[in-house]
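A structural walkthrough
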Amino acid sequence: MGLEAGKISNLLVMGKSGAGKQPRIDVLVREFDLDQLSTGDLFRTYLKKFEEVDFEGDLSSFYDEETDSFVSDEEILWSLGPVAKWDDPQGVVLGLKAKYFVESGKFVPDSITNEMFGTVFKSKECRGWVLDGYPRTVAQTENLLNLVVESGSNIDAVLIVEGDDDEIVARTTGRRICPNCKKVYHIEFKPPSKEGNCTHCGTPVIRRSDDSEEKIRSRLEEFHTKTELSIKFLEHQGIPIVKVPGNLSEYSREIVRKSVMDAFDAI
Ligand code: AMP
């Protein structure tokens, strides 16, 4: 049985940050001819827009812990300086808000995440999505189910990439990414073939700003308290869920492909 290329509208790939989702997503994109939509990548794009502004102040001055909200967008823009020179002031504000959470290893609040995700999900024609890193909470899952109904599509299946917390911490601290084409490397297990530069496009690879042990542990905690509930919620909706190990004793492109395809064959 399994899934058929050309007949898939949405596949969800879920798992702890650093579990090894990307190689499995690559398999799904190739085998089923799908497009990847990653909320982590979207947030990093906005983060970059904000970083281009060169603001050196303290981001927490824009956030009120008591009311759990930011000051108004107008106030943020006013504090950042002359907005006229920026192409996308709203993108800069979103980047500032995302940075505040991403860099502390926390999930970005649902209101911000849902709005950003919904805009992209609704605006792009695609062959079918592999959703990466969304949903991560019950509120995001509800939002996705509504969007899917509105668009007349459905969620075909969920792939969970499993991994042990301590192993993930050990692996993620060695992770490097290409800021240009988003390819993911590991200094020990999968180094880029051109010394320090992306094998694919040649750009120097970098360590993600949120890949320190403290921030990784904080993201794992977020997964246990929020994402595990959203997986249960999806299960209750009767959506097929399959699981694959993120850490394989032997690793090759073919072994990863087989592990993913075998899991979907069981549906
Ligand atoms: P990722 O690349 O998927 O590990 O995401 C990097 C960071 O972006 C996460 O640690 C969160 O701070 C933020 N993020 C990505 N996706 C979401 C989401 N669905 N909900 C909340 N925050 C998210």
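Notes on the structure in this doc start here.

Moving on, we get to the packing of helix H2 (residues 39–51) against helix H4 (residues 89–102). Viewed as axis vectors pointing N to C, H2 and H4 meet at an angle of 110 degrees, and their least axial separation amounts to 7 Å. It follows from the interaxial angle that H2 and H4 lie roughly perpendicular. Crossing geometry of H2 relative to H4 is assigned as left-handed. Counted together, Phe43, Tyr46, Leu47, Lys49, Phe50 and Glu51 of H2 and Gly91, Val92, Leu94, Gly95, Leu96, Ala98, Lys99 and Val102 of H4 form the full contact between these two elements. Residues that form the contact of H2 with H4 fall into these classes: nine nonpolar, two polar and three charged.

Under the 1.5 Å per step criterion, the end-to-end length of helix H8 (residues 213–236) is 34 Å for 24 residues, consistent within 8% with the ideal 34 Å. Maximum bend of H8: about 40 degrees, positioned at His224. Those residues of H8 that fall on the buried side of the exposure criterion are Ile216, Ser218, Arg219, Leu220, Glu222, Phe223, Thr227, Ser230, Ile231 and Leu234. Those residues of H8 that are buried are in contact with strand S1 (10–15), helix H6 (138–150), strand S6 (157–162), helix H7 (165–172), strand S7 (175–177) and strand S9 (241–245). Two residues or fewer past H8, Gly238 is found with a positive phi of approximately 80 degrees.

Residues Ile168, Val169, Arg171 and Thr172 constitute the buried set of H7. The inward-facing, buried residues of H7 contact S7, strand S8 (184–186) and H8. The opening residue of H7, the one whose side-chain oxygen lies 3.2 Å from the backbone nitrogen of Asp166, is Asp164.

For the rest of this paragraph, the subject is the pattern of salt bridges. Per the counting criterion, the structure on display carries 17 salt bridges. Measuring nitrogen to oxygen at the nearest pair gives 2.8 Å for the salt bridge that ties Asp165 to Lys16. Taken together, the residues span a long stretch of sequence, with Asp165 in helix H7 and Lys16 in the loop between S1 and helix H1 (21–32) at a distance of 149 residues. When its relative accessible area of 11% is taken as the criterion, Lys16 is described as buried. For Lys99, the salt bridge goes to Glu51, with nearest N and O atoms at 2.9 Å. One end of the pair, Lys99, is in helix H4; the other, Glu51, is in helix H2, with 48 residues separating them in the sequence. Sharing partners across several salt bridges, the network here consists of Arg175, Arg208, Asp210, Asp211 and Arg219.

Pairing is parallel in the open sheet, where five strands are placed in the order S2-S5-S1-S6-S9. Edge positions in the sheet fall to strand S2 (35–38) and S9, since each of these pairs with one other strand and no more. Neighbour-to-neighbour, the strand axes of the sheet open up by a mean angle of 25 degrees, direction not taken into account. Pairing of S1 with S6, which is carried by five bridges, proceeds in the parallel orientation.

Before going further, it helps to examine the site of the ligand. Around the ligand there are 17 residues in total, and Ser17, Thr39, Lys106, Gly133 and Arg136 lie nearest to it. Interatomic distance of 2.9 Å between a side-chain N/O atom of Arg44 and an oxygen atom of the ligand. Here the ligand has 480 Å² of accessible area as a free molecule, and 97% of this is covered by the chains. At four residues, the largest contribution of residues to the shell around the ligand is made by H2. A breakdown of the residues in the shell around the ligand according to their chemical character gives five nonpolar, six polar and six charged.

With that settled, consider the environment of Arg24. Its place among the elements puts Arg24 in helix H1. As for Arg24 and Val256, which are separated by 232 residues in sequence, their C-alpha atoms are 6.8 Å apart.

The next subject is unusual backbone geometry. In terms of backbone geometry, most residues other than glycine have negative phi values and most peptide bonds are trans. Omega for the peptide link from Tyr134 to Pro135 comes to 5 degrees, which places this bond in the cis form. If you trace the backbone, Pro135 turns up in the loop between strand S5 (129–132) and H6. Located in the positive-phi region is Asp54, a residue other than glycine, with phi close to 70 degrees. With respect to the helices and strands, the residue Asp54 is situated in the loop between H2 and strand S3 (63–64). Judged by its relative accessible area of 61%, Asp54 is exposed. In the Ramachandran plot, Lys182 falls in the positive-phi region, its phi being about 70 degrees despite a non-glycine side chain. Of note, Lys182 is situated in the loop between S7 and S8. Judged by its relative accessible area of 34%, Lys182 falls in the partly exposed class.

About the criteria used
Residues numbered from 1 in each chain as written. Predicted model: local features only at pLDDT ≥ 70, side-chain atom pairs only at ≥ 80, totals over all residues. Heavy atoms only, no water. Axes fitted to C-alpha atoms, helices over the stretch in contact; angles between N-to-C directions. Helix = DSSP H or I, 4+ residues; strand = E, 2+ residues; numbered from the N terminus. Parallel < 35°, antiparallel > 145°, perpendicular 65-115°, else oblique. Left-handed = near helix turned anticlockwise from the far one by under 90°. Contact = heavy atoms within 4.5 Å. Nonpolar A, V, L, I, M, F, W, Y, C, P; charged D, E, K, R; others polar. Expected span 1.5 Å × (residues − 1). Bend = angle between axes of the 7 residues up to and from the residue. Buried < 20%, exposed > 50% of the residue type's maximum accessible area, 1.4 Å probe, protein only. Polar contact = N/O pair within 3.5 Å; in protein donor to acceptor, adjacent residues only side chain to side chain. Salt bridge = Lys/Arg side-chain N within 4 Å of Asp/Glu carboxyl O. Pairing = 2+ DSSP bridges. Near = heavy atom within 4 Å. Areas by Shrake-Rupley, 256 points an atom, 1.4 Å probe, with all protein chains shown as cover.

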